[in-house]
Amino acid sequence: MNKIMLNILMIALLLPTNIFPSTKLKVVTATADLADFVRVIGMDKVEVVSLTSGNQDPHFIEPRPSMVMKVKNADMLVRLGMDLDIWMQSLIDASRNSKVSYGGVGYVDVSGKIDKLEVPTGKVDASMGDIHIFGNPHYWLDPENAKPILETILKKLCYQLPSETEYFQKNYKEYLQKLDSAIVVWKKKMEPYSGEKIVTYHNSWPYFAKRFGLSLVGFVEPKPGIPPTPSHIVSLIEKIKREKVKVIVMEPYFILKVAETIAEQSRSKVIVLSPSVGGIEGIKTYLDLFDYNINKLVESLKN
Amino acid sequence: MCKYLFTVILLFITLNNFVFSQDDQEVTPLPGMRGTPSNLPDISVIGDITGKLSSEPTDFDRNKILVREIELALQGYIYPEIRADVFLAMHRHDEHFEPEICEAYVSFLRIINGLSLKAGKIHVDYGKINKVHEHHRPYTNQPVALTNFFGEHGLVGEGVTLGYLMPLPLFMQIDIGAWRLEGKHHHEEDEEKSLTFGLADEVYTGRLWSSFPLGETSELELGASVAAAHGSHYQEHQDNAKVFGVDLTFKLWPSTYERLIFQNEIFNLHREIPVGKLNRWGFYSYLGYQFNKYWDAGLRYDWSENAFPENKKTNSLSGIITNRLTETTVIRLQCDYNFGLKSYNAFLQLVFGIGPHSHPLQ
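The structure presented is a predicted model; accordingly, all values stated were derived computationally and were not measured.

Parameters and conventions
- Residues numbered from 1 in each chain as written.
- Chains lettered and ligands numbered in written order.
- Predicted model: local features only at pLDDT ≥ 70, side-chain atom pairs only at ≥ 80, totals over all residues.
- Heavy atoms only, no water.
- Pairing = 2+ DSSP bridges.
- Helix = DSSP H or I, 4+ residues; strand = E, 2+ residues; numbered from the N terminus.
- Axes fitted to C-alpha atoms, helices over the stretch in contact; angles between N-to-C directions.
- Contact = heavy atoms within 4.5 Å.
- Core = buried A, V, L, I, M, F, W, Y, C linked by side-chain atoms within 4.5 Å.
- Buried < 20%, exposed > 50% of the residue type's maximum accessible area, 1.4 Å probe, protein only.
- Domains from an automatic or database assignment.
- Left-handed = near helix turned anticlockwise from the far one by under 90°.
- Nonpolar A, V, L, I, M, F, W, Y, C, P; charged D, E, K, R; others polar.
- Phe/Tyr/Trp six-rings, centres within 6.5 Å; stacked < 30°, edge-to-face > 60°.
- pLDDT = per-residue confidence, 0-100.
- Arc of directions from axis to C-beta.
- Patch = residues over 30% accessible without salt bridge, like charges linked within 9 Å, V, L, I, M, F, W, Y side chains within 5 Å.
- Areas by Shrake-Rupley, 256 points an atom, 1.4 Å probe, with all protein chains shown as cover.
- Salt bridge = Lys/Arg side-chain N within 4 Å of Asp/Glu carboxyl O.
- Parallel < 35°, antiparallel > 145°, perpendicular 65-115°, else oblique.

A. Structural context of the sheet that holds strand E5 (residues 197-200) of chain A. All names here are of chain A. Strand order in the open sheet formed by four strands is E6-E5-E7-E8, and the pairing between neighbours is parallel. The strands lining the two open edges of the sheet, one partner per strand, are strand E6 (215-219) and strand E8 (269-272). Each neighbouring strand pair of the sheet contributes to a mean axis angle of 35 degrees, computed without reference to strand direction. As paired elements, strand E7 (residues 247-250) and E8 share four bridges and run parallel to each other. From the neighbouring strand, Val 247 faces E8, where its bridge partner is Lys 269. In this fold helix H9 (residues 256-266) packs onto E7 and E8, with an angle of close to 145 degrees to the strand it touches most, E8. Sitting on the sheet, helix H10 (residues 286-302) touches E7 and E8, and the angle it makes with E8 is about 170 degrees.

B. Region of the structure containing the nonpolar core. Ranked by internal contacts, the top residues of the largest apolar core, which has 83 residues, are Leu 150, Ile 153, Leu 179 and Leu 297 of chain A. For this core, the domains that each give at least three residues are domain 1 (17-182) and domain 2 (190-302) of chain A. Non-local contacts of Leu 179 of chain A, meaning those with residues more than four positions away in its chain, are made with Pro 143, Ala 146, Lys 147, Leu 150, Trp 186, Tyr 286 and Leu 287 of chain A. Counting 33 residues, the second largest nonpolar core, distinct from the first, contains Ala 89, Ala 145, Phe 150 and Val 243 of chain B.

C. Seen up close, the sheet that holds strand E4 (residues 107-109) of chain A. Residues and elements named next belong to chain A. Taking strand neighbours across the sheet as the criterion, the four strands line up as E2-E1-E3-E4 in an open arrangement whose pairing is parallel. Since the sheet does not close on itself, it has two edges, and those belong to strand E2 (46-50) and E4, each with one partner. Adjacent strand axes in the sheet meet at a mean angle of 20 degrees, parallel and antiparallel pairs treated alike. Sitting on the sheet, helix H5 (residues 146-160) is in contact with strand E1 (25-29), E2, strand E3 (76-79) and E4, with an inclination near 175 degrees to E3.

D. Expanded view of the packing of helix H3 (residues 65-72) of chain A against helix H4 (residues 88-95) of chain A. Residue and element names in this part refer to chain A. Direction vectors running N to C along H3 and H4 enclose 65 degrees, while the axes themselves pass 8 Å from each other. In the packing of H3 onto H4, the handedness of the crossing is right-handed. Facing Met 67, Val 68, Val 71 and Lys 72 of H3, the residues of H4 in contact are Leu 91, Ile 92, Ala 94 and Ser 95. Of the residues in the contact of H3 with H4, the class split is six nonpolar, one polar and one charged.

E. Region of the structure containing the packing of aromatic side chains. Residues and elements named next belong to chain A. Scanning the model with the defined rule gives 24 aromatic pairs over all chains in all. Considering the side-chain rings of Phe 208 and Phe 290, the 6.2 Å spacing of their centres and the 20 degrees angle between planes classify their relative orientation as stacked. With a gap of 82 residues between them, Phe 208 in helix H7 (residues 206-211) and Phe 290 in helix H10 connect regions that are remote in the sequence. In terms of burial, Phe 208 and Phe 290 fall into one category: buried. An aromatic cluster is present here, built from Phe 37, Trp 186, Trp 205, Phe 208, Phe 212, Tyr 286 and Phe 290 joined pairwise through their rings.

F. Main features of the environment of Trp 303 of chain B. Residues and elements named next belong to chain B. One can find Trp 303 in strand E13 (residues 295-305). Classification of Trp 303 as partly exposed rests on a relative accessible area of 23%. Sequence-wise, Trp 303 and Asn 315 are 12 residues apart; in three dimensions their C-alpha atoms are separated by 4.6 Å.

G. Highlighting the confidence of the model for chain A. The pLDDT averaged across chain A works out to 91; a share of 93% of its residues lies at or above 70. Taken as a whole, residues 16-20 of chain A scores under 50 in pLDDT and shows 11 contacts with residues more than four places along the chain or in a different chain.

H. Quick look at H9 of chain A. Residue and element names in this part refer to chain A. Turning to H9, its buried residues are Ala 259, Ile 262, Ala 263 and Ser 266. For H9, the buried positions fall inside an angular range of 100 degrees around the axis, keeping them on one side. Away from its buried face by more than 90 degrees, H9 exposes Lys 257 and Glu 264. Packing partners of the buried residues in H9 comprise helix H8 (230-243), E7 and E8. Positive backbone phi, approximately 55 degrees, marks Arg 267, located one or two places after H9.

I. Summary view of a nonpolar patch on the surface. All names here are of chain B. A contiguous nonpolar patch, built from Leu 53, Leu 222, Leu 248, Phe 262, Leu 287, Leu 299, Leu 317, Tyr 337, Phe 339 and Tyr 344 and spanning about 840 Å² of accessible area, is present on the exposed surface. For Phe 339, the location among the structural elements is in the loop between strand E15 (330-338) and strand E16 (343-354). For Phe 339, a relative accessible area of 34% translates into the label partly exposed.

J. Layout of the packing of H5 of chain A against helix H6 (residues 165-190) of chain A. All names here are of chain A. Put simply, H5 and H6 touch, their axes get as near as 10 Å, and they point 170 degrees apart. Taken together, the axis directions place H5 and H6 in an arrangement best described as roughly antiparallel. For the pair H5 and H6, contact is made by Ala 146, Lys 147, Leu 150, Glu 151, Leu 154, Leu 157 and Cys 158 and by Thr 165, Phe 168, Gln 169, Tyr 172, Tyr 175, Leu 176, Leu 179, Asp 180 and Ile 183, respectively. Partitioned by chemical class, the residues of the contact of H5 with H6 number 11 nonpolar, two polar and three charged.

Below is the structure:
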């Protein structure tokens, strides 16, 4: 009896992680933007699942057991790093998938080659709000940063499927061309507004602002992750008036009410931009994301 | 057979812990790797300061603001895919503090396909709430059934547990554990504490839990657990006990910050004492709603029999409001009403956290 039990146990342990194998490389990503990047290079050779959608606050994701299965079945995991997707760690551990754990063949942290902004140099603690100790993690909102992200993903895809290296490289180059052309268009559209001052709800847009020559002069949150206080609102209203700020940029998941009150009293305007693919209906790709955000911003600044 | 199993497990640990070199780029260190440049582990402190109003004149905590617990957590990797988590705590026991190893364990995160192992002192994987540290629970006090059947701190044992994530399309995990819990003797404690029940000596536990996504925004978790051991006062009572548990949790996320949770656990205690058998039940049901990023509210209903021949039932309702300042710092107001005793308790709790603090998926 013991022998039978032991054999059953051994068979169970040796069963492949996924009992429904697929020929495609299975990739799980932290965000929909990363999923789009994997898709444009991997095309029909990959099966991509994002653990979150663009209308979710990436700081505030509750890991679910169902997500464990997505990580467990993955050959490759792509994450933003810089602590924005720290919630992924419990999923990786619970999945017991060596391939996608830190140092595994399928573990990809795309923040490695990013020129990071706002990296704290002194002591960091919670008195400063929800500060990310490795710098501001919203780096994908600079379209130029898509290039090192894509390069990192390409490298890993080629490593995972060496026979498809040529195919991946071709897709990567084609996409880079598209991206470069789009960046030219976006920059041109934003050119007349270079130096324009904006206020955002959360400090999510420094990479975007730097790339398109905008000046971030304030935030609705007094410190990252801290809800606005009445005194902060009053001083922000004064600042918006003084600096002649035209727009307050919001993400779709933040509550509009406070920003609208500030806008009303400071004669500015609230606009909702999408921080990620899928954040607003119709934004299906990374290129769509910037098309939408740039057009929306230009339209608001023009008026 | 044991020798064979042991060799196989060791072999798989060795085979599965090859370190794959990361590219020559600076990637984000994982939780547990933050102590650079001096190789310190992640260090954090969690404190629990609670004020209590009570209509019970004999309650020691009544009308006082007390530090209930201070926990120091040291967490880090000791080898690739093997991490150590140590939680040292100072608990208040009436007038004095008692130092305690709250948890201290080593996790072999991946032994082989789906299999992991933990060894040390651990909050046992039994039901939904037992393994959650008190400061992470959405209420101030432990559900009554858990206290009645497992003691004041729930089921915490020293031993080893294996967790196996089954190769199925849906999340389904089996945990089995063998533990050693210290028993208690009447002469060591005051009379009141002698009346507490728990499991002790060699404790064997098992849990099966699964999760079913009901759509993009909702999930149903089901679990079944069992624990078998002597009673905690075995020398006096010569009792054997088994506790069976079933849990059901439904979660719905209507928007990025809103969350509805409906969590229920039922416990059934079978206790065999020389003069006969006891069959006792207890359950709690918690309904919580998170309105936005900072606020949530909940109701918990507790019903439980005790573990003793003279059966006393507890029947109470709690209302809870929580303000979340950060992930680890919360301010909570909770009011309990005990229908049997017609008594009330009100708690104002401040849980604070300093430093990086993490727990596995719960």
